[in-house]
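So the chains spell out like this:
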Amino acid sequence: MSPLELVDGRFDKLATELRASRPVAPEGLRNRVEEFARAKPEPRREWGFRLPPRRVGLVLAALAILGSFIAAGVTGLGGSTGDTNAVVHGSQAQALRAPTTTTEAFGAATAPSDLPATTLDSRLKGRALPPAQGRLQQYDASLTLRVRNSDQLSARTQQAMRLTRSFGGFVASASFDVPGRQGTSILLLRIPIDRVQRALAAFAGYGTLLSQKIAVQDLQQRADAQTSRIAALRRAIASLEKQLEGGVTSVERQRLERLISIEKSRLAAQQKRLGSTVRRAELARVGLTLVTPAAKASAAPGRFDRTLDDAGSVLARELEIMLYALVVVGPLLALGGVAIAVGRAQRRRSDRRLLERT
Amino acid sequence: MKAKASAEDFAEAAKRHLDDVHAFLVYLTGDRAVAEDLTAETFARALERWHRYDPRRGGARTWLCQLARSTALDHFRAEDRRRRREGRYAVAELRESAEPVFGEELSPALERALAQLSAAEREVVALRIVLELDGEGAARVLGISTTACSTRLSRALAKLEKEVSAGVAA
């Protein structure tokens, strides 16, 4: 196709004339150029890239990605050969945790914690510290038991609540949760102190005892002190009332009446405190936790899994660094690119003006 | 795989495309003597850069014309600086020469008309009409789009014809 066909057929004559008389290089120039041609062209640099820059960029990007994967792999393999006990996930940690059983009486006794659950069960069942007879005591107990499955978890929870009510106590709070793998039921119970030992013995039979903790705090001294204070206040009030019955001035009467009023309010407060102390001593606080066994799972991850985990974390870290670099360097690169583009455009415009002027 | 640009290739390319490069530079500069110097300079540069030439990205003629244009632009810039410095207009003086520049057999009207065109107009005429490069190749040499190249050619030819008609009428 003739170039003119793309433009207009009117210029055919013009084009024919231009082509017919195109300039030909003179002999002298031809000889000069032939001399160049006889010389050896600049050899290609062996270290130089033969690929076009765009392809070089792609190759570099591919190498960078490959390098990051290799680094992740190497780090993953290196990390996975370490101590296998070092990687313990939450559920595994829970499974591995030794059952701790503590019995505290005035913060004193502590049972050994490395005994198997069955041993604990047999040794502690029926040995819960009994409340002292004839003394006011605050009795706190917590038990953790393992039941067979979620059905039994539900049944035992209901049974414990019924038993509590049958003993004259009540359920302060209840939480029953069976999300999937491991079910948990947590009951906070208030049980009359004279029946708490029977209740604990009954609860211990609900499943395998994993832990038991009992704390007893003596309240008798406090109650005695409060009783004495009440007696003193009563005596003081009686004395003031006796003074009031005698012949006193109106000013003195007002003062005595105010004092009596103050003492009576003090007495009421003291009686309230004593009532509270007695109530605390009447009901034991029992925390009962029932759990189902953790479903299989939780096998320690194999070397392959650990390698994958480590490699994944390294890749994530690399990605983080890359994103950071992109955020920091990106604007500079963009500015550089814009500057280059503007420079080229200006150069092109300048060249065009120059050619139009010439 | 990229074909190797060897010494033999360069010799062959220089021999085959010397007239093309020379003709392009004659049209671009409007001065035979300058065109000869620039042609020699172009081939000297081509020899140095021959290892960069990639046949897959275009023919040797296109590559040599790109190089020739770049060489000519360097010359124009240098001339421009010199003229500004000296306050003289060398090109205008040269154009007053009676010697035919663009071709021995060109009609005087066409010769004058070509001289009236700007270098930018003459270069597109040279590439598309005289050297018969296709639109894509010419656009690559000029560093513009194919459409822009066609538009520029159309305007240049229209102007050329107008100048020829005016010259004949005179």
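Thresholds, definitions, all that
- Residues numbered from 1 in each chain as written.
- Chains lettered and ligands numbered in written order.
- Predicted model: local features only at pLDDT ≥ 70, side-chain atom pairs only at ≥ 80, totals over all residues.
- Helix = DSSP H or I, 4+ residues; strand = E, 2+ residues; numbered from the N terminus.
- Contact = placed C-beta atoms within 7 Å.
- pLDDT = per-residue confidence, 0-100.
- Axes fitted to C-alpha atoms, helices over the stretch in contact; angles between N-to-C directions.
- Parallel < 35°, antiparallel > 145°, perpendicular 65-115°, else oblique.
- Left-handed = near helix turned anticlockwise from the far one by under 90°.
- Nonpolar A, V, L, I, M, F, W, Y, C, P; charged D, E, K, R; others polar.
- Core = buried A, V, L, I, M, F, W, Y, C linked by C-beta atoms within 7 Å.
- Buried ≥ 20, exposed ≤ 12 C-beta atoms within 10 Å, placed from the backbone.
- Expected span 1.5 Å × (residues − 1).
- Arc of directions from axis to C-beta.

Caption draft 1: How the structure looks around the overall build of chain A. Summing up its helical and strand segments, chain A has ten helices and six strands in all. Once local pairs closer than 6 in sequence are excluded, the contacts in chain A between residues at least 24 apart make up 79%.

Caption draft 2: Representation of the environment of Ser150 of chain A within the structure. Residue and element names in this part refer to chain A. Mapped onto the secondary structure, Ser150 falls in helix α6 (residues 150–166). Note: C-alpha distance between Ser150 and Gln182 (32 residues apart in sequence) is 8.3 Å. Residues within four places of Ser150 in sequence aside, it is in contact with Val178, Gly183 and Thr292.

Caption draft 3: Seen up close, the confidence of the model for chain A. Residue and element names in this part refer to chain A. When pLDDT is averaged along chain A, the result is 77, and 75% of the positions lie at 70 or above. Strand β1 (residues 102–103) is the least confidently modelled element of chain A, averaging 37 in pLDDT, while strand β6 (residues 283–291) averages 91, the highest of any element. Here residues 1–6 is modelled with pLDDT under 50, and outside its nearest four sequence neighbours on either side it reaches ten contacts, counting other chains as well. Low pLDDT, under 50, characterises residues 82–126; the predicted model gives this stretch 56 contacts beyond four residues in sequence or across chains.

Caption draft 4: View of the packing of helix α2 (residues 32–49) of chain B against helix α3 (residues 60–86) of chain B. Residues and elements named next belong to chain B. Their axes nearest at 9 Å, the elements α2 and α3 cross at an angle of 120°. One finds that α2 runs oblique with respect to α3. As for how α2 packs across α3, the hand of that crossing is right-handed. Here Val34, Leu38, Glu41, Thr42, Arg45 and Ala46 of α2 lie close against α3, whose contacting residues are Leu64, Leu67, Ala68, Thr71, Ala72 and His75.

Caption draft 5: Structural view of the packing of helix α2 (residues 27–38) of chain A against α2 of chain B. Between α2 of chain A and α2 of chain B, whose axes approach to 9 Å, the crossing angle comes to 10°. With respect to α2 of chain B, the axis of α2 of chain A lies roughly parallel. Where α2 of chain A abuts α2 of chain B, its residues Leu29, Arg32, Val33 and Phe36 of chain A lie against Glu36, Thr39, Ala40, Phe43, Ala44 and Leu47 of chain B. When grouped by side-chain class, the residues that make up the contact of α2 of chain A with α2 of chain B number seven nonpolar, one polar and two charged.

Caption draft 6: Here's a closer look at the interface of chain A and chain B. Taken together, the contact between chain A and chain B spans 38 residues of the former and 48 residues of the latter. Looking at the side of chain A that touches chain B, the elements with two or more residues in it are α1 (12–20), α2 and α10 (303–357) of chain A. Of the residues that constitute the side of chain A that touches chain B, the class distribution is 22 nonpolar, two polar and 14 charged.

Caption draft 7: Highlighting the nonpolar core. Counting residues in each nonpolar core, the largest one holds 59 residues, and the members touching the most others are Phe24, Leu25, Tyr27, Val125, Ala126 and Leu127 of chain B. Listing elements by their share of this core, those giving two or more residues are α2 of chain A together with α1 (7–29), α2, α3, α5 (108–116), α6 (119–130), α7 (135–142) and α8 (146–169) of chain B. Among the elements that make up this core, the one with the highest residue count is α1 of chain B (eleven residues). Excluding residues that lie within four positions of it along the chain, Leu25 of chain B makes contacts with Ala35, Leu38, Thr39, Ala68 and Ala72 of chain B. With 25 residues, the next largest nonpolar core counts Leu187, Leu189, Leu200 and Tyr206 of chain A among its residues.

Caption draft 8: Spotlight on α6 of chain A. All names here are of chain A. With 17 residues, α6 should reach 24 Å at 1.5 Å per residue; the first-to-last C-alpha distance of 24 Å fits that figure. Turning to α6, its buried residues number three or more, namely Leu153, Arg156, Thr157, Ala160 and Thr164. Projected down its long axis, α6 shows its buried positions confined to an angular sector of 105°, all on one face. Facing away from the buried side of α6 by over 90 degrees, the exposed positions are Asp151, Arg162 and Ser166. Looking at the buried residues of α6, the elements they touch are β3 (170–177), β4 (184–192), α7 (196–204) and β6. Within two residues after α6, Gly168 carries a phi angle of roughly 90°, on the positive side.

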